[in-house]
Every structure is written in structure tokens, then in C-alpha cells.
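Commentary on secondary and tertiary structure
The lines below spell out each chain.
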Amino acid sequence: MSLLRGLVLGIESSCDESSAAVLKGRLQLSNVISSQAKLHEKWGGVVPEAASRAHIEAMIPVVDEAISLAGVKLQEIEAIAVTCCPGLIGALSVGVSCASALGFVLKIPVIGVHHLEGHLLSGQCLLESGTKDFEFDDIYPQLCLIVSGGHTELILIQKPGHYEILAETRDDAAGEAFDKGARLLGLPYPGGFMIQEEARKGNPKRYQLPIGLRHDAAEFSFSGLKTATLRLVEKEGAEINIQDAAASLQRAIVRALSMKVEMALNTHSGSIKSLGIGGGVASNESLREVLSEIARKFGLPFIAPHTSFCTDNAAMIALAGSFWLANGAPSPKYGQIDIQATAPLPRS
Ligand code: KG4
Ligand code: ZN
């Protein structure tokens, strides 16, 4: 796997983060993220119309800041990568319009990137130079767990561009399980980080919460956990210990995820060279600890992105776009990037 050598500008606007990043190879020169979390907090979730408007306001300043923090000139950018699917149509349109206009003016290629592929390859982004590099051949095939507000998927990456979904959720995503649980416990949106912070001081064995489909290797399920948390809140009332409840909820989610990872490793261990992780929930410290221990047990390197590359960001989009441009992606004409609310992963 190779990447473009020159500077790549990444743009991301699929949900509630407006982000722009400049990458040189795998190294981030800048990765600016403007989050709309505060805006959507009052509704307890992302409101598409409000998200689109906020992206329009944020996008140009974010791109401007990414260019200036990188210490480069706009004219030095060699290519632009922009998230084009899956996501909120209005939100995606803002990033794609911005990227297309820039590409048209600068006369450089603009490539549409699948958001999930950004998360899948985010472990390759480097925060600073001097970090020990590795050959791509050393880490692929990789078993990668993608856990975010919209996704819970266990994917076998034969190599970038070759993906096989081994397991996915039949109902809520892991991030939703964190967010809905946090809401039931009266913690603010987005709840994943808040649950992690409360859980630090709590007893994870205090409350028994269920693990859905524990013997099914191909499916995750978090809807039962949400119902059980609701029952717990109703039963305990004002007596509930929020820290213990957060710790118990986090333990149930982490166990549900790690059990399937172990199952997949048992099945595919002969061919897999590393265990990877990506998505907003991948910044959860308990999940990282448990998965790193599992990887150690199987004798595999654990490729975890720096937390700044876990939640939605444009650096991972730039990296995925750079891969496709360096490895023979059809170069789309300006203005012809297909925006889709849902889409399968790309294939090479
Ligand atoms: O990848 P992401 O930024 O957006 C999507 O593509 O969905 O993921 C956002 C999700 C939210 O559900 C948020 O609660 C969760 O990631 N999250 C966490 C943590 N930080 C963010 N969940 C658990 N622990 C965290 N530290
Ligand atoms: Zn995401």
C-alpha cells in the first residue's frame, strides 16, 4: 500500500463534526475539528437540518485554519479527499461542495471517500513524525473493530480496499448504547465520554446488565441492554449509584464487543497479522485496555489510532483518499462525486 507523497487536504462533514486536515503521507500537519455537540445537546441527538446549517457556517473557517496550522499554502495541496457517504445528505453536501469548488479552482483531483473506510484506516494516521513506522505488509490482514455512533462492525481487512464484514449489529450501534445509557442515567450528550469518566470511580460489578447474543459470532445486539438500563433506573429510582451504573454499563458494552473479537480471532488467528480498532468508541480507555490484552494473548500487535483520530476527523479521510489516489482510483471529474446516505464499502 502506498500513499500520495504530496500534501492531501481532507474534508469531513458526514454527521455533526466539521473537520479539515492536511496530511503529508501518513503524517498529520493539521487536523481541525469543529464539533456541533453543544448545538445538538438540547435535542439529545443530531438534528439533520441544524447540522447542515452549522456545517455551512463552520466549513470555510475550518479549512482555512487547517491550511494555516499546517504551515502550507493552499496552492501546494496536491489532492482533496472528502467524505461522500454514508451520512446525512445535507451535511455531506456541504463538505462535498466545498471540496469540489476548491478542486475546481486549484485544478487538482477531488476524491469521494467512504466514511467507514476512514475509520478503518485511521490507525495508520501519524500524530507526529519520528513515530516508529511499519510496513503495511506487516499489519494486514487485520481484524478491525469499528465502533461509533452509527456503526458496530467487525471487519477483516485483507489489505486496504479489500474488506469483509464478519459481524455487525442487528439494532443499536455501540456508541448509541453508550449515548442512550448515559441519557437514562441523566448524563449529557454525547454520553460515551461521560460514561467513561463516571465509570472510573464506579464498581462495574454492582449492577448486572445483559450481554446480547453472546454466542452469536456474526451479530451484536445492544437493544436489550438499553431496556435493562431503563428497568434498572426505574427500579433503583433516586437510590441509584450513577458511578456504579456507568461502570456496569461500560463493562457490559466492552464485554459484548470483546467477546466477538475473541471469537473472530479464534476462527481467523492463523491468517491475521494485527488487531485494529476505529471509531468514536475506540477512544474508550476500558475498551482499549481489554482489546490490547486480547491482542497480547494472541501474540498480535494492537493498532489503535490516537484518540484524536477516533471520533470523526478529516485526517482519516485524507489518508483513505490518498490511498485510493495512489493506487489507481478512478479520478472523478469535478462536481461528479456521488453523495449517498448509505453505501457499501468500496472495493478495489
Ligand atoms: O465516530 P464518531 O465521532 O461518530 C460517528 O461516526 O458516529 O463516534 C461518536 C460516538 C458517540 O456515540 C460517542 O458517545 C462515542 O463515539 N464516544 C465514546 C467515547 N468518546 C466518544 N464512547 C465511549 N467512550 C468514549 N470515551
Ligand atoms: Zn464516524
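A brief structural summary. Within each chain, residue numbers correspond to sequence positions counted from 1 in written order. Chains and ligands are labelled sequentially in the order written, the chains with letters from A and the ligands with numbers from 1. Totals for whole chains, interfaces and linings use every residue, but because this is a predicted model, local features are given only for residues with pLDDT of at least 70 and side-chain atom pairs only at 80 or more, for both listing and counting. Excluded from the side-chain calculations are hydrogens and water; all other atoms, namely the structure's heavy atoms, are used.

A word on the pattern of salt bridges
The cut-off we apply is this: Any carboxyl oxygen of Asp or Glu within 4 Å of a side-chain nitrogen of Lys or Arg constitutes a salt bridge here. For the purposes of this entry, the term helix denotes a DSSP run of H or I that reaches at least four residues, the term strand denotes a run of E that reaches at least two, and both are numbered from the N terminus.
Enumeration according to the criterion identifies twelve salt bridges in this entry. Among the salt bridges present, the one from E176 reaches K180, with a minimum N-O distance of 3.9 Å. Residue E176 and its partner K180 are both found in helix 6 (residues 174–184); the two are separated by four residues, about one turn of the helix. It is possible to trace a salt-bridge network through shared partners that takes in D172, E176, K180 and K226.

Notes on the coordination of the zinc ion (ligand 2)
For the record, the criterion: Any nitrogen, oxygen or sulfur atom within 2.8 Å of a metal ion counts as a donor, with the limit raised to 3.2 Å for Na, K and Ca, and since water is left out, coordination shells can look unfinished. Four donors are marked tetrahedral only if all angles between them lie between 85 and 135 degrees, whereas four are marked square planar and six octahedral if opposite donors are more than 155 degrees apart and the other angles lie between 65 and 115; the remainder are marked irregular. Residue burial is assigned from relative accessible area. The probe radius is 1.4 Å, only protein chains are included, and a residue is buried under 20% of its type maximum, exposed over 50%, and partly exposed in between.
Coordination sphere of the zinc ion (ligand 2), protein contribution only: H115 (NE2), H119 (NE2) and D312 (OD), at 2.1 Å. Coordination at the zinc ion (ligand 2) is irregular, judged from the four donor atoms that bind it and the angles of 92 to 146° they form at the metal. Counting residues between consecutive donors of the zinc ion (ligand 2) along the chain gives the motif H-x3-H-x192-D. With H119 in helix 4 (residues 115–121) and D312 in the loop between strand 11 (302–303) and helix 11 (314–326), this residue pair connects regions lying 193 residues apart in the sequence. Judged by its relative accessible area of 0%, H119 falls in the buried class.

Quick look at the packing of helix 6 against helix 7 (residues 191–199)
The criterion, for reference: Here the axes come from fitting lines to C-alpha atoms, over the contacting stretch only for helices, and the angles between their N-to-C directions go from 0 to 180 degrees. Geometric relationships in this document are graded by angle, where less than 35 degrees denotes roughly parallel, more than 145 denotes roughly antiparallel, 65 to 115 denotes roughly perpendicular, and other angles denote oblique. Handedness of a helix crossing follows the sense of rotation of the near helix relative to the far helix, less than a right angle counterclockwise being left-handed and clockwise being right-handed. Whether two residues touch is decided by their heavy atoms; if any such pair falls within 4.5 Å, the residues are in contact. When residues are sorted by character, Ala, Val, Leu, Ile, Met, Phe, Trp, Tyr, Cys and Pro go into the nonpolar class, Asp, Glu, Lys and Arg into the charged class, and all the rest, Gly among them, into the polar class.
Where helix 6 meets helix 7, the axes come as close as 7 Å, and the angle between the chain directions of the two elements is 65°. The angle between helix 6 and helix 7 places the two elements in the roughly perpendicular class. Seen along the crossing, helix 6 lies across helix 7 with a hand that is left-handed. For the pair formed by helix 6 and helix 7, the contact residues are F178, D179, G181 and A182 on the first element and G191, G192 and I195 on the second. The residue inventory of the contact of helix 6 with helix 7, partitioned by class, reads three nonpolar, three polar and one charged.

Regarding the packing of aromatic side chains
The cut-off we apply is this: Aromatic rings from Phe, Tyr and Trp, with only the six-membered ring used for Trp, were paired whenever their centres fell within 6.5 Å, and each pair was classed as stacked if the ring planes differed by under 30 degrees, edge-to-face if by over 60, and tilted otherwise. Working rule: Lys NZ or Arg CZ, within 6 Å of ring centre, within 35 degrees of ring normal, means a charge sits over the ring.
Applying the stated rule across the entire model yields two aromatic pairs. Taking the centre distance of 6.5 Å and the plane angle of 10° together, the rings of F220 and F222 count as stacked. For the pair formed by F220 and F222, the shared burial category is buried. Aromatic side chains F323 and W324 sit 5.2 Å apart centroid to centroid with 70° between the ring planes, which places their arrangement in the edge-to-face category. With respect to burial, F323 and W324 carry one shared label: buried. Against the face of F104 rests K107, its NZ or CZ located 5.1 Å from the ring centre. If you follow K260 out to its NZ or CZ, it ends over the ring of F220, 5.8 Å from the centre.

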